[in-house]
Amino acid sequence: MKIYLAGHRGMVGGAILRQLEARKQAGADLTLVTRTSADLDLTNQNAVRDFMMQERPDQVILAAAKVGGIIANNTYPAPFIYENLMIECNVIHQAFEAGVTKLLQLGSSCIYPKLAPQPMREDALLTGTLEPTNEPYAIAKIAGIKLCESYNRQHGVDYRSVMPTNLYGPGDNFHPENSHVVPALMRRLHVAAQDGADEVVIWGTGTPMREFLHVDDMAEASLFVMDLNEEVYKRETQEMLSHINVGSGTDVTIKELAETIAKVVGFEGALRFDTTKPDGAPRKLMDVSRLQRLGWSYKIPLDLGVQDTYQLFLKQRDSDLRAK
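This report concerns the structure included in the present document. (Residues numbered from 1 in each chain as written. Predicted model: local features only at pLDDT ≥ 70, side-chain atom pairs only at ≥ 80, totals over all residues. Heavy atoms only, no water.)

### Focus on helix α7 (residues 215–227)
Right, on to step 1. Across its 13 residues, α7 extends 18 Å between first and last C-alpha, which sits within 8% of the 18 Å expected from 1.5 Å per residue.
Right, on to step 2. The set of residues buried in α7 consists of V215, D217, M218, A219, A221, S222, L223, V225 and M226. (Helix = DSSP H or I, 4+ residues; strand = E, 2+ residues; numbered from the N terminus. Expected span 1.5 Å × (residues − 1). Buried < 20%, exposed > 50% of the residue type's maximum accessible area, 1.4 Å probe, protein only.)

### Observations concerning the nonpolar core
Right, on to step 1. By size, the foremost hydrophobic cluster in this structure holds 30 residues, and its most contacted members are I16, I61, L106, V162, M218 and V246.
Right, on to step 2. Breaking this core down by element, the ones donating at least two residues are β1 (2–6), α1 (11–25), β4 (102–106), α7, β10 (244–246) and α10 (289–294).
Right, on to step 3. When residues of this core are assigned to their parent elements, the largest contribution, 7 residues, is made by α7.
Right, on to step 4. Other than its neighbours up to four places away in sequence, I16 contacts L5, I61, L106, A219, S222 and L223. (Core = buried A, V, L, I, M, F, W, Y, C linked by side-chain atoms within 4.5 Å. Contact = heavy atoms within 4.5 Å.)

### Focus on the packing of helix α6 (residues 181–195) against helix α9 (residues 254–265)
Right, on to step 1. Between α6 and α9, the shortest axis-to-axis distance is 9 Å and the interhelical angle comes to 45°. What the angle tells us is that α6 and α9 run oblique. Once α6 is placed against α9, the crossing between them reads as right-handed. Residues V181, V182, L185, M186, L189, H190 and A193 of α6 form the contact with α9, whose own contacting residues are I254, L257, A258, I261, A262 and V265.
Right, on to step 2. Taken together, the residues that form the contact of α6 with α9 break down as 12 nonpolar, 1 polar and no charged. (Axes fitted to C-alpha atoms, helices over the stretch in contact; angles between N-to-C directions. Parallel < 35°, antiparallel > 145°, perpendicular 65-115°, else oblique. Left-handed = near helix turned anticlockwise from the far one by under 90°. Nonpolar A, V, L, I, M, F, W, Y, C, P; charged D, E, K, R; others polar.)

Laid out in structure tokens, this is it:
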């Protein structure tokens, strides 16, 4: 079995690569094919065509994407829709042209309407207006789902899509300005603990509820969906509503998240919430009953996942300091 993993240097792609390599070490007959963005520009149709025709993989996992936080999405909407559309179109179509009959593409929970009922079910797709700040990215990810479904319907291939909730863990971005909520809070509370600060101010009321999933759980779920018998997969999904939500099915308030991280990093000061700042959506939770019925549930609880991520943060920080 030859598997091409696109995006192996990303957070999710890296986690999937670790699990595929573990399978190889356990005796699975796998050939793993990867390329860096410097070696293969996935927005270049001719380059992707030549690569697919040369490698002829049996399966493709599309974890490559242009990603960023709310500021990046809002500031640079054009590359977020263009590059993601090009990556999906090129990889999915050229995989088909090269005879690939099984493919998995990874999306995002931002595909759902801004005011989708909670928890968000798969059938909420295309039922309302998207969140304006990341609409271009969401449109591209919706297109990826529909590309897979269209090739399935017309050509009888087996192309699947999974939609993850908020992820954290190995490979996370701890940049002080561009990181998501878990690494952002972790960095700030770590610095505050080191400095002996009396308090840390957090935007909003702390009451919005968010769902988080460790990236290793996401990788396991992705391969679980990829490995599902086609008959079983089709029995639980629909031809033009075939994507599967991946999450923990549980959520916490931002205040509870901050308290969990503060305990792990050793910050003993006060958490003060600036209620003059926006909260965002009051709740964002994925309905994962479809995935649970298929037989998969998350394994890594938030407190243990945060502890693991903090140790990785410390190692990364120490490595960066030594490099200087």
